[in-house]
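# Structure assessment
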Amino acid sequence: MHCPKCKTTALRPLSEAAAPLLSGLPPHCCPDCRGVWVGLETATGLLEPRMLGDRPAATLPGRPEADRRTGLCPEGHGILLRLRFEADPIFYVEYCRNCRGVWFDAGEWQRLAELGLMTRLGEVFHGDWSRDLQAELQSSRELERLHRLFGPELVGRLKALAEELRSHPRRSAAMAFLQEEILRRKG
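This text gives an overview of the structure that appears in the document. Computed from a predicted model, the values in this text were never measured in an experiment. (Residues numbered from 1 in each chain as written. Predicted model: local features only at pLDDT ≥ 70, side-chain atom pairs only at ≥ 80, totals over all residues. Heavy atoms only, no water.)

## Things to note about the overall build of the protein
Within the protein one finds 6 helices and 6 strands. When its helices and strands are written in sequence order, the protein yields β-β-β-α-β-β-β-α-α-α-α-α. Out of the 187 residues in the protein, the part that is buried amounts to 35%. For the protein, the share of sequence-separated contacts (at least 6 apart) that also reach a separation of at least 24 residues comes to 52%. Total accessible area on the protein stands at roughly 11,500 Å², and carbon and sulfur atoms take up 54% of it. (Helix = DSSP H or I, 4+ residues; strand = E, 2+ residues; numbered from the N terminus. Buried < 20%, exposed > 50% of the residue type's maximum accessible area, 1.4 Å probe, protein only. Contact = heavy atoms within 4.5 Å. Areas by Shrake-Rupley, 256 points an atom, 1.4 Å probe, with all protein chains shown as cover.)

## Overview of the side chain of lysine 5
Topologically, lysine 5 is positioned in the segment before strand S1 (12-13). Residue classification places lysine 5 among the buried positions, given a relative accessible area of 3%. Among the polar contacts made by the side chain of lysine 5, one reaches the side chain of glutamate 94 at a distance of 3.4 Å. (Polar contact = N/O pair within 3.5 Å; in protein donor to acceptor, adjacent residues only side chain to side chain.)

Structure, rendered in structure tokens:
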């Protein structure tokens, strides 16, 4: 098996120490780019970086240039499918529909774990996840941005007010009132 990104580098088994913890295709690592090739079922079991063995290649900082291209399935099934993750910054994870192998560039496993997606990889690669999950990620990023701008207390109060107004029959009048109050108090 060769690395999908480096093309000529042979993949090596990542660690035999992790073998009892995992089922399915065991992780293989590229010694050059530190990417990891692993079966989908095995990948969903990788809940902690230590499960990747002594050299946690998939938790190293990613190389952005590696994410600019896809590669060929190390098992010989053709071009890998690329899935875009609207995280900050955007990244791609490659997947083979034939053998159900997943390629993580260095750092991507950690990013998916931080997004809480490692246990949901089956949905990501097989379901109609894109719209719902991407909307969920975007909403989460927007909430983090608002917390930085206004603080969690004000964001909480604004969300409570928005929820109350959402079902109010005169919400348009309430919005107009808020806008007038904000503009009037500004000057």
